Amino acid sequence: ICCGGAHYSYAYIAAECSPLLIVSSSPTVCGGQNVTLTGPVGAATYSWSGPGVMAPTDSPTCVINQPGHYTLTMTTFGDNPCTFSLDTIVPPNPSNPSANFSVSSACLGSPATFTDLSTPVGQINAWAWDFNNSGTTNSTAQNPTYTFPSAGTYTVKLTVTRTPCTADTLISVVVPPSPISTFTATSPVCAGVNATITYTGGAPANATYTWNFAGGTIVSGSGQGPYQISWATGGTKNVTLIVTQNGCSSALTTVPVTVNPTPLVGVSPDVVICTGGSTTLTATGGTTYVWAPGAGL
């Protein structure tokens, strides 16, 4: 509008279009490394989906940490917005390793052996073991040993490197309590008289029991017991026991049993006496004596 009159005016808008595609900061996903995906700017809303989307999920860019198929869904501005999507596939890096391992029976007080099973075999460059998933590397050997400090369940983490990629895995390792091998034994006993051996460790029936009765004869009993044991000769008999459960063995428990030998009794030789006469009989070999019959003594 000019001087009470009117004329046409013109407005000019400069616009630039970005390519309608998703741009990746890396052509592949390398284990242990993040990749940034970037979509076209200028949309009203954004939504990312896929197997390894981290953050943010509502902006033109997002960070991913896994290979796979990713979709960016966008809406336009305006009173009647349109929704459209873009897709991309980010493949894994050919150098991606796969972390895996096995562990021998983990027994309290004994070293457990860890065996690396990562692939590809022969192409792993480095190993980092964290035996309680604390964030601290405990060993860089390929196949280490480790003694756990107490019974319990431990989450063991192995991180392997195949340059330039890394991979990790978490496996739970159960360390059971050590079996108990305590027992009692009757002592002292006489040679030829049974001693009672009773296990007191409380282990369940699926344990195995390795007894050594020091040459004694098993009169009765098996497995956990109790046992009746006799010895033919006197002396100190060291009875031992080891209990094994879930592949783990107890300490060796030793209980001495004193076996008193059978007395070797001696008595005066036969003698002839006349009616009304007397003689002295002498016995040896014992500490107390009982004579019989009572008549005539």
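Each remark here, short or long, concerns the structure printed above.
This text gives an overview of the structure that appears in the document. (Residues numbered from 1 in each chain as written. Predicted model: local features only at pLDDT ≥ 70, side-chain atom pairs only at ≥ 80, totals over all residues. Heavy atoms only, no water.)

Describing the nonpolar core
Counting residues in each nonpolar core, the largest one holds 20 residues, and the members touching the most others are Y209 and W211. Every element with two or more residues in this core is listed here: β15 (195-199), β16 (208-212), β18 (227-230), β19 (235-245) and β21 (253-260). Residues within four places of W211 in sequence aside, it is in contact with F183, I197, Y199, G223, Q224, Y227, V239, T240 and L241. Core analysis: the next-biggest nonpolar cluster, separate from the first, contains 17 residues, F114, F148, L158 and V160 among them. (Core = buried A, V, L, I, M, F, W, Y, C linked by side-chain atoms within 4.5 Å. Buried < 20%, exposed > 50% of the residue type's maximum accessible area, 1.4 Å probe, protein only. Helix = DSSP H or I, 4+ residues; strand = E, 2+ residues; numbered from the N terminus. Contact = heavy atoms within 4.5 Å.)

Comments concerning the state of the cysteines
This structure, assessed with the given rule, holds two disulfides. Between C30 and C165 runs a disulfide, and the two sulfur atoms are separated by 1.8 Å. Because the sign of the S-S torsion sets the handedness, a value of about -125° for the bond joining C30 and C165 places this disulfide among the left-handed ones. Of this pair, C30 sits in the loop between β1 (23-24) and β2 (35-38) while C165 is found in strand β12 (residues 165-175), placing the two residues 135 residues apart along the sequence. You'll find C30 and C165 in the same group, each marked buried. Through a disulfide, C107 is tied to C248; the S-S separation comes to 2.0 Å. (Disulfide = S-S within 2.5 Å.)

Side note on the packing of aromatic side chains
Per the counting criterion, the structure on display carries 14 aromatic pairs. Arranged with centres 4.9 Å apart and planes meeting at 45°, the rings of F114 and F131 form a pair that is tilted. In this pair, F114 sits in strand β8 (residues 112-116) while F131 sits in the loop between β9 (126-130) and β10 (145-146), placing the two residues 17 residues apart along the sequence. Across the pair, F131 and F114 agree in class, each one buried. (Phe/Tyr/Trp six-rings, centres within 6.5 Å; stacked < 30°, edge-to-face > 60°.)

Examining the layout of surface pockets
The computed volume of the largest pocket comes to approximately 160 Å³. Within the lining of the largest pocket, the residues separate by chemical class into four nonpolar, five polar and one charged. (1 Å grid on protein atoms, 1.4 Å probe; cavity = no way out; pocket = protein on both sides within 12 Å on 5 of 7 lines; lining within 4 Å. Points joined across faces, edges and corners; volume = space filled by probe spheres on them. Nonpolar A, V, L, I, M, F, W, Y, C, P; charged D, E, K, R; others polar.)

Quick word on the sheet that holds strand β4 (residues 61-64)
Read from one edge to the other, the open sheet built from three strands follows the order β1-β2-β4, with strand pairing classed as antiparallel. Each having just a single partner strand, β1 and β4 make up the two edges of the open sheet. As paired elements, β1 and β2 share two bridges and run antiparallel to each other. Residue S24 lies in a different strand from β2, and its bridge partner there is L37. (Pairing = 2+ DSSP bridges.)

A look at unusual backbone geometry
Of note, the amide linkage connecting G225 to P226 takes the cis form, showing an omega dihedral of 10°. With respect to the element layout, P226 can be found in the loop between β17 (217-220) and β18. One non-glycine residue, A214, lies in the positive phi region at around 55°. Tracing the backbone through its elements, the reader meets A214 in the loop between β16 and β17. Here N246, not a glycine, exhibits a phi torsion of approximately 55°, which is positive. The topology assignment puts N246 in the loop between β19 and β20 (248-249).

Considering the sheet that holds strand β5 (residues 68-75)
On the basis of which strands lie adjacent, the open sheet formed by three strands has the order β3-β5-β6 and antiparallel pairing. Single-partner strands in this sheet number two, and they are β3 (45-49) and β6 (83-90). Put simply, the sheet's adjacent strands are angled 20° from each other on average, direction ignored. Here β3 pairs with β5 via five bridges, running antiparallel. Among the inter-strand pairings, S49 is bridged to a residue of β5, identified as T71. (Axes fitted to C-alpha atoms, helices over the stretch in contact; angles between N-to-C directions.)

Brief notes about a nonpolar patch on the surface
Together, V267, V271, I273, L281, Y289, W291 and L297 make up a nonpolar patch on the protein surface, roughly 690 Å² of accessible area in all. Note that Y289 resides in the segment after β23 (283-284). (Patch = residues over 30% accessible without salt bridge, like charges linked within 9 Å, V, L, I, M, F, W, Y side chains within 5 Å. Areas by Shrake-Rupley, 256 points an atom, 1.4 Å probe, with all protein chains shown as cover. Salt bridge = Lys/Arg side-chain N within 4 Å of Asp/Glu carboxyl O.)

Regarding the pairing of β17
Looking at chain direction, β17 and β18 are connected through three bridges and run antiparallel. Along β18, the bridge assignment pairs S220 with Q228. Linking β17 to β18, which pair antiparallel, is a turn of six residues; within it G221 sits at a positive phi near 115°.

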